[in-house]
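If you want the building blocks of each chain, they are given just below.
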Amino acid sequence: MTQGEGPVNARPTSVLIADDQPKVLRAFAAVLSAQPDLRVAATAPDGAEAVRQARLTHPDVALLDIRMPEMNGIDAARRILRTERTRIIMITTFDLDDYVYDALTAGVSGFLLKDVRAPDLVAAVRTVARGDALLAPAVTRRLIAEFARQRRRPAVPGGHGLTPRETEVLRLLARGRSNAEIAAELVVSEHTVKTHVARLLAKLGLRDRTQAVIHAYEIGLVVPDSRGELPSA
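Values in this document were obtained by computation on a predicted structure and should not be read as measured data. (Residues numbered from 1 in each chain as written. Predicted model: local features only at pLDDT ≥ 70, side-chain atom pairs only at ≥ 80, totals over all residues. Heavy atoms only, no water.)

S.K.: What's the story with the environment of Ala-54 in this structure? I'm lost.
M.R.: With respect to the element layout, Ala-54 can be found in helix H2 (residues 47-57). Residues Ala-54 and Ile-17 lie 37 residues apart in sequence; the distance between their C-alpha atoms is 9.8 Å. With residues near it in sequence (within four places) discarded, Ala-54 still touches Leu-16, Pro-59, Ile-80 and Glu-84. (Helix = DSSP H or I, 4+ residues; strand = E, 2+ residues; numbered from the N terminus. Contact = heavy atoms within 4.5 Å.)

Below, the structure is given as structure tokens:
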């Protein structure tokens, strides 16, 4: 199956894959290795080895199974993020995984279900490597609903030091808009959008776009409906 050509970079995106199922590990490695812009830097059968390999290879992206022996994916993510600038995608079997919240607070950049199609796996790695948020749709709906219900706190106008334009960019990020879509809606360049995103992340002390999305839900900047769905406009 062809996943399409990725962007041409001077250096391929390096990826660490950790999963205790050899078949899954081999399949993911084969799919990613076939892409000219991606390189599998290391594989690991458990969380402890994933941490060791991350410190040896400094991968751009790590795919971590959420349930692994020796050390689970969440604990591995926490340890990796202490020393590396790696962006982490958590792999889960079920879209209602009880560990999703712990993974988010650990600082992961997104989630994928283990039965992800090959093209979607490739796209996910590229998305996270660019610094964009990645939340599989089924997981997203649950996250939005639960964050709104359990972690909502009142928004304080101007309390976070964001400009009106930065606040609008944050709102659009939380609605799932890409940089290109935000640029079109606000009638500005994509470069300007990237600048706004970088500034709002710095002001809020957030790691990446995923954390920005969570923050927007928590302060009620974007409110899901009763099914956990976001309005389209």
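From this point, the discussion proceeds with the structure in view.
S.K.: Just to check I follow, could you spell out helix H9 (residues 190-204) for this structure?
M.R.: Residues three or four positions apart in an α-helix share a direction because the helix packs 3.6 residues into each turn. The terminal C-alpha atoms of H9 lie 21 Å apart, and with 15 residues this matches the ideal 21 Å at 1.5 Å per residue to within 8%. Of all the positions in H9, only Val-193, His-196, Val-197, Leu-200, Leu-201 and Leu-204 are classed as buried. Down the axis of H9, the smallest arc covering the buried residues is 130°, so these residues share one side. What points out from H9, more than 90 degrees from its buried face, is the exposed set His-191 and Ala-202. If you follow the buried residues of H9, they end up packed against helix H7 (164-174), helix H8 (179-186) and helix H10 (209-218). (Expected span 1.5 Å × (residues − 1). Buried < 20%, exposed > 50% of the residue type's maximum accessible area, 1.4 Å probe, protein only. Arc of directions from axis to C-beta.)

S.K.: I keep staring at the packing of H9 against H10 and nothing clicks. Help me out?
M.R.: For any two helices packed against each other, one specifies the inter-axial angle together with the distance between the axes. Interaxial distance between H9 and H10 falls to 10 Å at its minimum, and their mutual angle equals 65°. Judged by the inter-axis angle, H9 sits roughly perpendicular to H10. The two elements H9 and H10 cross, and the hand of that crossing is left-handed. Taken together, the residues of H10 that come into contact with H9 (itself represented by Val-197, Leu-200, Leu-201 and Leu-204) are Arg-209, Ala-212 and His-215. (Axes fitted to C-alpha atoms, helices over the stretch in contact; angles between N-to-C directions. Parallel < 35°, antiparallel > 145°, perpendicular 65-115°, else oblique. Left-handed = near helix turned anticlockwise from the far one by under 90°.)

S.K.: In this structure, what is going on with the nonpolar core? I would like to understand it.
M.R.: Membership of the largest hydrophobic core comes to 26 residues, with the highest contact counts inside it found for Leu-64, Ile-88, Met-90, Val-108 and Phe-111. When residues in this core are grouped by element, the largest group, 5 residues, is from helix H3 (residues 73-83). Leaving out residues up to four positions away in the same chain, Val-108 has contacts with Ala-77, Leu-81, Ile-88, Met-90, Ala-103, Asp-208, Thr-210 and Gln-211. Listed in part, the 22 residues of the second largest apolar core include Leu-186, Val-193, Leu-206 and Ile-219. (Core = buried A, V, L, I, M, F, W, Y, C linked by side-chain atoms within 4.5 Å.)

S.K.: Even after reading the chapter, I still don't get the side chain of Thr-86, so can you show me in this structure?
M.R.: Within the secondary structure layout, Thr-86 lies in the loop between H3 and strand S4 (87-92). The buried category is assigned to Thr-86, whose relative accessible area is 0%. Side-chain polar atoms of Thr-86 contact the backbone oxygen of Pro-59, separated by 2.7 Å. When neighbours within four sequence positions are excluded, Thr-86 is seen to be in contact with Pro-59, Asp-60, Val-61, Ala-62, Ile-80, Leu-81 and Arg-207. (Polar contact = N/O pair within 3.5 Å; in protein donor to acceptor, adjacent residues only side chain to side chain.)

S.K.: Whenever I open this one, the layout of surface pockets confuses me. Can you help?
M.R.: Of the voids in this model, the second largest pocket is the one considered here, and its volume is about 250 Å³. Forming the boundary of the second largest pocket are 14 residues, of which Arg-130, Asp-132, Asn-179, Lys-194 and Arg-209 lie nearest the centre. Contributions of two or more residues to the lining of the second largest pocket are made by H8 and H9. The element that contributes the greatest number of residues to the lining of the second largest pocket is H9, accounting for 5 residues. (1 Å grid on protein atoms, 1.4 Å probe; cavity = no way out; pocket = protein on both sides within 12 Å on 5 of 7 lines; lining within 4 Å. Points joined across faces, edges and corners; volume = space filled by probe spheres on them.)

Fair warning: the whole summary comes from geometry, so function is off the table for now.
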